[in-house]
Amino acid sequence: MKGRNIRTLFALPLFSVGDKSMPKNQDSPWLMNDKWRTSSIRSDAKTNMWLVLPLTVVWNLLAAPLSFVVYKEVVEKENYFLLVFLPFPLVGIGLLFWSVRLLREWRRFGAAPLLLEPFPGSIGGHVGGTIDIRLPFNPHNRFTLTLSCMQCFEIDSDGSRTMHEQAQWQDELIPQVDSCPTGTRLSFCFDVPKGLSESDAEQTGERYNLWRLNVRGNMPGTAFDRSFNIPVYATASNLET
């Protein structure tokens, strides 16, 4: 009996959480994205910061000595051909400013997660929720939220393929601003029309759809700017009959 039970166990089909063949994922396709397992959605701020910081360090380590070589060759030897390398240090300076801004923004505001309600957002219904920001509450702080349904596709230009985005639908609103235990809470609710494209959970290939929520706040010091890639589907439970 024990051996038969073991064979029976190994005969069972094995599913991964992101497997389309799982019955639960067929009814809830957003579960194929690891970041959409719960209604708490993180922005891309931390990912961007950890991508830009190493790039800045490596670029400037290479560009700094290059700038001295270019200066010496151009000024002392009049080798003006090397002026083509002049933008490299300038790009490094731009990356440095970008890195500092991302680091300051993260240190000031923290993760600022989005709590979607309903989850997922509903085409033909609503996309709403709250965002808690590590920022002392100030009723004079102003924020703007932009919700976009984007179509992403590859374009072949001069032998190189690049991704482009085109907005299928977009709306903007001013959220309600309140105090919360962590500082400031933004509450919002978009009315989303029917007939729009659903989010693609995997977001790979030559063409896919995504929904993006961008949040911007202007206040003294470092400005708040976060983007959230969110699941929005034609969920029957939220559709109007």
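Residues numbered from 1 in each chain as written. Predicted model: local features only at pLDDT ≥ 70, side-chain atom pairs only at ≥ 80, totals over all residues. Heavy atoms only, no water.

Draft legend 1. View of the overall build of the chain. Secondary structure assignment for the chain yields 4 helices and 11 strands. Counting all 241 residues of the chain, 35% fall into the buried class. (Helix = DSSP H or I, 4+ residues; strand = E, 2+ residues; numbered from the N terminus. Buried < 20%, exposed > 50% of the residue type's maximum accessible area, 1.4 Å probe, protein only.)

Draft legend 2. Summary view of the side chain of S43. Of note, S43 is situated in the loop between β1 (40–41) and α3 (45–77). Residue S43 is classed as buried on the basis of its relative accessible area of 12%. Among all residues touching S43, those that are not within four sequence positions of it are A111, R226, S227 and F228. (Contact = heavy atoms within 4.5 Å.)

Draft legend 3. Structural context of the packing of aromatic side chains. If you walk through the whole model with that rule in mind, you get 5 aromatic pairs. Measuring from centroid to centroid gives 5.1 Å for F109 and F224, while their planes differ by 85°, and the two rings are edge-to-face. Taken as a pair, F109 in helix α4 (residues 87–109) and F224 in strand β10 (residues 224–230) lie far apart in primary sequence, 115 residues in all. Aromatic pair F188 and F190: ring centres 5.9 Å apart, planes at 65°, arrangement edge-to-face. As far as burial versus exposure is concerned, F188 and F190 are alike and both buried. Among the aromatic residues, those joined into a ring-pair cluster are F109, F143 and F224. (Phe/Tyr/Trp six-rings, centres within 6.5 Å; stacked < 30°, edge-to-face > 60°.)

Draft legend 4. Fine view of the pairing of strand β9 (residues 207–218). In this sheet, β10 lies alongside β9 in antiparallel orientation, the contact comprising 7 bridges. When the sheet's bridge partners are listed, N214 is paired in β10 with S227. Joining the antiparallel neighbours β9 and β10 is a turn of 5 residues, in which G221 adopts a positive phi near 90°. (Pairing = 2+ DSSP bridges.)

Draft legend 5. Spatial organisation of the side chain of N209. Residue position: N209 is located in strand β9. Since its relative accessible area comes to 16%, N209 is described here as buried. Every residue in contact with N209, bar those within four places of it in the chain, is listed here: M150, Q151, S197, E198, S199, D200 and Q203.

Draft legend 6. Expanded view of the confidence of the model for the chain. Summarising the model, the chain shows a mean pLDDT of 78, and 72% of its residues fall at 70 or more. Predicted confidence is poor over residues 1–18, with pLDDT under 50, and the contacts of this stretch with residues over four places away or in other chains come to 9 contacts. (pLDDT = per-residue confidence, 0-100.)

Draft legend 7. Main features of the nonpolar core. Counting residues in hydrophobic clusters, the biggest one holds 35 residues, and the most contacted among them are I131, W211, L213 and I230. Taken together, the elements giving at least two residues each to this core come down to β2 (114–116), β4 (126–133), β5 (142–157), β6 (160–173), β8 (183–191), β9, β10 and β11 (232–233). The dominant element in this core, judged by the number of residues it contributes, is β5, at 4 residues. When near neighbours in sequence (up to four residues on either side) are disregarded, I131 contacts A112, P113, L114, T184, R185, L186, F188, L213, V215 and F228. (Core = buried A, V, L, I, M, F, W, Y, C linked by side-chain atoms within 4.5 Å.)

Draft legend 8. Structural context of the pattern of salt bridges. The tally for this structure, following the rule as stated, stands at 4 salt bridges. Across the pair R212 and E165 runs a salt bridge, and its minimum N-O distance is 2.8 Å. Of this pair, R212 sits in strand β9 while E165 sits in strand β6, placing them 47 residues apart in sequence. You can call R212 partly exposed: its relative accessible area is 25%. A salt bridge links D225 to R216; the nearest nitrogen and oxygen atoms lie 3.8 Å apart. A relative accessible area of 49% means that R216 is categorised as partly exposed. (Salt bridge = Lys/Arg side-chain N within 4 Å of Asp/Glu carboxyl O.)

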